[in-house]
Structure formats: C-alpha cells, structure tokens
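Residue-level listing of the chains:
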Amino acid sequence: MEFTTDFCKLKIQLDSNELQNILNQFQPQDWISHGIETSGNESVMLISAGGTYNTDYALSAPAEPTPYLDNCLYIQKFLTVLNLPVSRCRLVKLPANMAAPTKIPAHYHWFRHSAIYIPVQTQTSIDFHCGTSQIFMQTGEAWIANPNQAQSLANNSEQDCVYLVVDVKHSKQLNLLMTKALDKNQQIEQIKPDFKTEIKLNLPRFRFDVFTPAEIELLTDRLSKIVQASDITTQAFSGYQNTLTSFKAEWELSFAQFANQHAGEMAYYDAILSFKENVLPKIRRWIAKDPQAQAIIETMTSLLQVAVRPAPSKVGQKFLSRQKTLPHIDWQSLYQATEKFEDQASYKCLSQDALRELLPHFRIADSLDKRYPSLAKQWPNKADLTAAIQQLLNVGLLKERFANPKFDRPIFIVSAPRAGSTLLYETLAKFPEIWAIGQESHEIIEGIKALHPETYNYSSNRLTAEHSTLDVEMHLQQRFARQLHDSQGKLLLDYPVAERPQSLRFLEKTPKNALRVSFLKKVFPEALFIFLYRDPQENVSSMLEGWRSRSFIAYKQLPKWPHKNWCFLLPPEWQQNLQNKPLVEIAGEQWRAANYYIWEDLKTLAPEDWYFVHYHDLVKNTEQVVHDISDFAGLTWHQEIEQSLSKGLSVSKMALSAPSPDKWRKHTYELDMVLPKLEPFARRVELELCQK
C-alpha cells in the first residue's frame, strides 16, 4: 500500500473503560513473553494462526480466534464494525522504562498487511516514532503507522503500557478507511459497548501465498536503484544485474509451474536461497548500512518464514555434545597412522617437519612405550612427544587402536523424526551406567561406504540384516566406541587402558534408525529397542516445523531430487512417490514409513527385546514410564533420577517452539490433506501396540 504520511489516525474511537475492563480480566500467567517484534514485550493472542497460542505470522494456517477472544466481547464488536480482513489480533504489553528497537517492519507478512494500534493503557510519556514523526496516542484511538518507515515505541513511564494490535490484510476496505481518515469532514465513529450488531469476524480465507513475478520485479527494481545510487563500480553492478536476472527467471519459472500452491514451497525456498547465495554477495558491501535496502532484502527473504522468531541455526544435532578437549594420551595404548596419510589435506597443512617424520613410525600399530627407544633421539622430552601425538590425533592423522568393549544390551530409541526421541534420550542419559556418543549417529553409520545411501543410489535409508557383514559389524562397533562417553561426559578413550570398562550399557537415538531395526539387531545381538510413538497430527506438524526451520538438513544436492536440501530420513520409494509433492505429504510419508518399518522389524524379534512407549504417556506420566523402561532395560533406579523426574521433563534441546498440547492445530489446514491416509495405520497402532 502507498502511504503519504508517517501516521494515519482512523476515524474510530473505542471506549477506554471497556478496554480497561478487558485488560483487567487477564492474569499474569496469561501474558506470554516472545520478545521479537518488541524487545521484552508480552502478549495475549486473541486471533492467531490456527487459533492456538502462537506468535506466528498468518502464513502457516487460517486465522482463527483463540479461547481468550471469547471473553472479549467488546473487541469482537469492534472487529465486526471494522469489517477488515484480520490475520492476527493481540494485546501487547511493553514494560515500564523500556523501548522497542527502531526498525522498519520488514517481513513478507508486512508486505501484505498493516497493523492498527489502539492504546489500552498508556501515559503521556509514551512516545511512538515513525519516520520523522513522533506522536502520543490517546487511549481508544486507532492509528496506522507507515510500514515503509522505521518505527519505535518508547515507554518512559513507571507503568506498563498496553496496546491492542490488529493486523489487517491490505484490501479495498482498508484503502477506503484510510481515505476517510484524511477527510476532515468525516465524523469519528464511536464504538459503543451496547450496540446490537451480530458478531461477525472477517477472517480471510487461507491460502499458500507468495510474491508474483510482478512483485519480485517491483522489489528488485527498488533494490537496484539503491545499489546504483551507491558508489558501486560499473563492473560490480553488471555482475549483480546478471545474477539478479537469473534469480528473476527462476522465480518466474517456479510461479508458472506452481503459482500459489503448497507443492511449490520447496521450489520457492530454493529460489530464495539462490537470491541469498548468488545475488546478495554481489552487493553486500555497498548496501550493508542502508536501512531501506535491508528492509527490501528482509521482505523478500522472509517469504517462507512463518514464525516471528528467526529460524534456529543448525547445531549439527549434537544435543549432548561436550566441549572439545585434547585427546588423552596413554603410553600403553596402541596408535596407528591412518591409511594414505600423505594424501590428506591435514598432513599437508602440518607446520612442523618433525610431525610429518613421526607418522611413518606408526604405520603399524604400536604403543609409545615400545616405540620410544627409536624416537628418543629426536624426541628427548617425553612431554613434547605426548603433545605431538595429541596434535596428530586431533587432526585425524593418527588413531588409537583398541579392542571394542562388549555392548551389553545396548538400548536403541527408535521413532519417527520429531516424535520426542531427544526428550526421552536426555531423560535416560541421566542414568549413571549409561554411555552415549553425544550426537545422532548419521556420520558414524553413513561414514561406512557400504552403509551410505549413495551406495544404493539414495533409494532410501533402509538397512536390513542382509547389509551386516562381519567387517561392517566390527567397523561400526569401533566407530561407536571411539565416541562413547560416560554420564559425566568423559570419553571412553580418555580413560587409561587399565581403567576402561570391558562391558558397558550404550544408549543411542537416531530417527533414521527407524528403518534399520533388523540391521542393528544383527550388529548388536543383545540390542533392546524402545519404540516411541507419537500421534500423526502432532508428529507431522512438528516435522513441518523442522523442515521449515532448515535445522534438520540430512542431504544437500540429493540426486533425483529437484531441490537444494532434504530433511530427515529417506523413506523407501521416495524417488517415485514424493516428487513435486506438498511438504505435508513428504512429512506424512516419512512418519508412515518410519513407524511402519519399526513395527514390521520388531514383529520379528522376541517380545522381551522391545518396549512400546506412547509420547502422551511419556509426557503425562513421566516418572512411571521411565520407571517401567528402567525395569525393561535393566537400568538401576536411583534416587537422583526420581528427584530429577519429580521436577518434570525439561524442554528438549531440539525443540523449535514452546511445548503446547495443541500447537499442531495451527497446521490443521495442511494436515487435513494427509491425515485420512495415515489414520488407518494409526488406529492399528492404537489397537495392537498400545495393548502391549
């Protein structure tokens, strides 16, 4: 929309007493902090994506009332009179003596929407800035700030200020309302508390929505003018234009194929990634400090970012990783140089010739005690030799050779991705006898060529007992053993050889292992499996969050996949069945395949080798479920475990949003596409497995 002023005061006045009465009914626990749009603020959501408590933009689900709106009849009446398409509505509180940061409200949401601000509780010392203007809004007034200008709110009073904020979609009705606002002859409409109009909220029909090619042209043209006005060189500007032309062509092609359809989500994401990786580096140095340019870029790149929080950075899924320390050196241990160490980049980067000359002495595994006589002349100081061995171990040119410990009844948590396995893992990892690797085992397993999906043309992550050979079994067990650490975080290989346990209890969880149960049972004959099951509506919803966060990328540039990234596991026949499918169908098939193959493989095992846990039971009856698991797995119940569980489950380190039993409902619109196909299997699980 085009704005001619910094602020527009609408010809609407709300009743301040009614607004205060609404505010008074909310308790402190009703206010949830989210601190993104306004630093340190809290809000009560009245209309949200999917009608659940979330602060997402209205891009992920239909706008629906939350239960809080039921108690706000006056606000319902106001929205009825307003009759504008409302995408989000909330009460927002800014604490005393706090200011929101100055920023242009740049996001795709604001490309389609404007916010109406109505003070509910305010003081004369509260200033709203927009562009070059500063105003004080009286209680009950309705204002729109120019979304193309930098805005800030400063609460310089000793009292919290509260605003009713209504996000409305750009429409002819909004244009008409703003035109009336500029008409001096237009009377102010009083929103009376006793009017008889039937409540009817204007909630826009939801659809997947992206920029049209014409809008991309408009935004990039604005950006190009800013770039051209900078001191960019002619050559650099030409290079920028070439990459920009390629990006616009990619967008136009995707829009011609998908338009506003969910099936195009991955294609549009790829185009945005191309814009970030190919276009922006060409101009970054010339526009880094230009707020208008940054606002345009944020508007474009936030298209598929439905949440008001930034997507979490990928942390490699190391949910229990400890700080990296130098390897422990035991002079009784056997060390051996890696094969063809001369060809490795780390060898060529060694700064000292003495380190290069040390490696040939360990072509055959040997201990420092036995090897030292031949090294004493070059390394008279044993401390220096120990440090050199540490350095070679650290860069992977030297490895310790050791006998694998006995994996005594190793415990594998198997589940679909995002089913709560990290939560259960972190809980069981508190048992003092547990050893773990501190991360999911993607690299450990797929680092063996025979087990990498590339060997099978990336057909799936499925592995069966047939994939296990004696060599694979020994190799995989040793790869696990190298990374094992105890419940205190100390590596197995950091213990002196004489103090290392010969037998240990190993706990592991990797969602891809849902497709590998029979394989793992062959590698670890004493393996026990905990089948963690989560209902499809919750589980698939969480997987959608995971895909969109880009924090769970499993493969990049996957063959036979037209997009840049693939998240989570590869189900069998994905290449045939999941091309150009909406993301919810991909997540739905991943859920189905994971649970189906777990169940099919477990049926071939002895009943005492596996245990079924429903996610709801884990969350609601945590202490009992964990106690039952400890009985099943033969773990020693400790008072410390009981005390820890009495405090309730901690939020998983892999959680993308605050836990809520109904947060899946914001994806109802998408889930309706797949749940009918998944429900027969889900009912079968309920009938057969829950009885176990």
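Residues numbered from 1 in each chain as written. Predicted model: local features only at pLDDT ≥ 70, side-chain atom pairs only at ≥ 80, totals over all residues. Heavy atoms only, no water.

(A) Inspection of the overall build of the protein at higher detail. For the protein, the count of helices and strands is 24 helices and 24 strands. Classification of the 692 residues of the protein by burial places 55% in the buried group. Restricting to contacts in the protein with at least 6 residues of sequence separation, those with at least 24 account for 78%. Accessible surface computed for the protein: about 31,400 Å², of which carbon and sulfur atoms make up 49%. The centroid of the 75 positive side-chain charges in the protein is displaced by 4 Å from the centroid of its 78 negative side-chain charges. (Helix = DSSP H or I, 4+ residues; strand = E, 2+ residues; numbered from the N terminus. Buried < 20%, exposed > 50% of the residue type's maximum accessible area, 1.4 Å probe, protein only. Contact = heavy atoms within 4.5 Å. Areas by Shrake-Rupley, 256 points an atom, 1.4 Å probe, with all protein chains shown as cover. Lys, Arg positive; Asp, Glu negative; His and termini not counted. Charge placed at Lys NZ, Arg CZ, Asp CG, Glu CD.)

(B) Quick peek at the pattern of salt bridges. One pass over the full model with this rule turns up 31 salt bridges. A salt bridge links Lys 512 to Glu 446, with the shortest nitrogen-to-oxygen separation between them at 2.9 Å. Taken together, the residues span a long stretch of sequence, with Lys 512 in the loop between strand 20 (503–509) and helix 16 (517–523) and Glu 446 in helix 14 (residues 442–446) at a distance of 66 residues. Residue classification places Glu 446 among the buried residues on the basis of a relative accessible area of 9%. It is possible to trace a salt-bridge network through shared partners that takes in Arg 112, Arg 207, Asp 209 and Glu 215. (Salt bridge = Lys/Arg side-chain N within 4 Å of Asp/Glu carboxyl O.)

(C) Looking closely at the confidence of the model for the protein. The share of residues in the protein with pLDDT of 70 or more is 93%, and the mean pLDDT across the chain is 90. Here residues 35–39 is a poorly scored stretch, pLDDT under 50, and it has 17 contacts once near neighbours within four places are set aside; other chains count. The model gives residues 308–324 a pLDDT under 50, and that stretch makes 47 contacts with residues more than four places away or in other chains. (pLDDT = per-residue confidence, 0-100.)

(D) Highlighting the nonpolar core. Within the largest apolar cluster, 74 residues are counted, with the highest numbers of intra-cluster contacts made by Leu 476, Phe 480, Leu 484, Phe 529, Trp 566 and Trp 591. Ranked by residue count, the leading element in this core is helix 19 (residues 583–602), at eleven residues. (Core = buried A, V, L, I, M, F, W, Y, C linked by side-chain atoms within 4.5 Å.)

(E) Here's a closer look at the packing of aromatic side chains. Scanning the entire structure with this criterion turns up 41 aromatic pairs. Joined through ring pairs, the aromatic side chains of Tyr 108, Phe 111, Phe 208, Phe 211, Phe 247, Trp 251, Tyr 268 and Phe 275 make up one cluster. Geometry around Tyr 372 places Lys 382 over its ring, the cationic atom sitting 5.1 Å from the centre. A cation over a ring is seen here: Arg 550 above Tyr 269, with NZ or CZ 3.7 Å from the ring centre. (Phe/Tyr/Trp six-rings, centres within 6.5 Å; stacked < 30°, edge-to-face > 60°. Lys NZ or Arg CZ within 6 Å of the ring centre and 35° of its normal.)

(F) Expanded view of the environment of Pro 572. Take Pro 572: it is sitting in the loop between strand 23 (565–567) and helix 18 (574–577). Judged by its relative accessible area of 18%, Pro 572 is buried. Along the sequence, Pro 572 and Ser 460 sit 112 residues apart, while their C-alpha atoms lie 4.9 Å from each other.

(G) Seen up close, the side chain of Ser 415. Tracing the backbone shows Ser 415 in the loop between strand 18 (411–414) and helix 13 (421–428). Accessibility expressed as a relative area gives 1% for Ser 415, which makes it buried. Excluding residues within four positions of it along the chain, Ser 415 makes contact with Ser 421, Pro 511, Ala 514, Leu 532, Ala 594 and Ile 598.

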